[in-house]
Amino acid sequence: MAEKSFKYIIVGGGVSAGYAAREFEKQGVKANELAIISKEAVAPYERPALSKVYLFPEGTARLPGFHVCVGSGGERLAPEWYKEKGITLILSTEIIKADLPSKTLKSAAGDTFKYEVLIIATGSTVFRLENFGIQGADAKNIFYLREIADADKLVEAIKIKKNGKALVVGGGYIGLELSAALKINNFDVSMVYPDPWCMPRLFTADLAAFYEVYYTKKKE
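Reading the values: rules and limits
Residues numbered from 1 in each chain as written. Predicted model: local features only at pLDDT ≥ 70, side-chain atom pairs only at ≥ 80, totals over all residues. Heavy atoms only, no water. Helix = DSSP H or I, 4+ residues; strand = E, 2+ residues; numbered from the N terminus. Buried < 20%, exposed > 50% of the residue type's maximum accessible area, 1.4 Å probe, protein only. Pairing = 2+ DSSP bridges. Axes fitted to C-alpha atoms, helices over the stretch in contact; angles between N-to-C directions. UniProt positions renumbered as here; feature names shortened; annotations may be inferred. Salt bridge = Lys/Arg side-chain N within 4 Å of Asp/Glu carboxyl O.

With respect to the overall build of the chain
(1) Moving on: The number of helices and strands found in the chain is five helices and eight strands.
(2) Moving on: Ordering the α and β elements of the chain from the N terminus gives β-α-β-α-β-β-β-β-α-β-α-β-α.
(3) Moving on: Its C-alpha atoms put the chain at 55 × 40 × 35 Å along the principal axes.
(4) Moving on: Taken across its 220 residues, the chain has 36% of its residues classed as buried.

Side note on the pairing of strand β4 (residues 95–99)
It is a general feature of regular strands that their side chains alternate between the two faces of the sheet.
(1) Moving on: With four bridges joining them, β4 and strand β5 (residues 104–107) adopt antiparallel strand pairing. Following the sheet pairing, A98 is matched in β5 by L105.
(2) Moving on: Count of turn residues in the β4/β5 antiparallel hairpin: four residues, of which K103 carries a positive phi of about 50°.

Comments concerning the sheet that holds β5
(1) Moving on: With mixed pairing, six strands are arranged side by side in an open sheet as β3-β2-β1-β6-β5-β4. Of all strands in the sheet, those bounded by a partner on one side alone are β3 (88–90) and β4. Taking each pair of neighbouring strands and ignoring which way they run, the sheet shows an average axis angle of 40°.
(2) Moving on: In the sheet, strand β2 (residues 34–37) pairs with β3 via three bridges, with the strands oriented parallel. Bridge pairing in β3 links I36 to L89.

Focus on the UniProt feature "domain: FAD/NAD(P)-binding" (unreviewed entry) in the chain
(1) Moving on: Per the UniProt record, the feature "domain: FAD/NAD(P)-binding" (unreviewed entry) sits at residues 6–217.
(2) Moving on: With 26% helix and 19% strand, residues 6–217 has end C-alpha atoms that lie 55 Å from one another.

Focus: the pattern of salt bridges
Pairing between side chains becomes possible if they bear opposite charge and their charged atoms approach one another.
(1) Moving on: On inspection of all chains with the given rule, the structure shows five salt bridges.
(2) Moving on: Among the ionic pairs, E177 bridges to K52, the shortest N-O distance being 3.2 Å. Residue E177 is found in helix α4 (residues 173–184), and its partner K52 is found in the loop between β2 and α2 (79–84); the two are separated by 125 residues along the sequence.
(3) Moving on: Take E177: its relative accessible area is 22%, and that puts it in the partly exposed class.
(4) Moving on: Judged by its relative accessible area of 32%, K52 falls in the partly exposed class.

Right under this line is the structure:
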């Protein structure tokens with residue numbers, strides 16, 4: 001198996017990794033000093049787009065249109081940008097072990113990567129039903145939304161199931177945005193969340209009540 005060495009390694013290929021790469025470039029990182037290792041097959045992109053126009057019937061949001069750093073009004077960093085700046089993109093590669101004393105990472109494929117400075121930018125993970133031992137968690141009509149591959153599966157399901165019904169679990173940003181996108185696709189949408197009202201970390205009870213009524217009327 002191959003072994004590669006870099007001065008800096010960023011593990012994770014999301015928004016943070018892309019913006020960090022831009023800052024490294026601004027600070028004058030040298031060619032072949034920095035690598036981004038991501039289990040996804042694409043360069044870092046603006047993840048919030050996945051719960052919005054990516055799911056709209058027109059499908060207007062597609063890569064390379066929302067690679068970072070367009071979320072801040074900056075330059076769009078397509079794969080070519082990283083190559084031009086001497087930044088190594090190592091995609092479709094999942095890191096399964098980090099040996100901190102020896103500053104070594106190991107991938108699922110058995111490759112090893114040496115580093116001097118490690119930045120972990122893997123972000124959050126999705127709660128999956130199989131993690132709780134729930135029977136039927138592998139059903140084909142259960143979807144998650146975290147990565148672009150998840151969004152692609154949703155897009156295909158939406159196309160196949162015209163005027164269908166959907167149950168959205170979660171009442172935060174993603175739950176609300178996903179519910180709105182499904183409604184735009186003429187789905188009958190129900191929402192379930194454990195909190196006393198939607199967006200509890202941001203909304204007061206009165207503000208949440210306003211949006212809940214708004215969403216309910218949209219359903220009707």
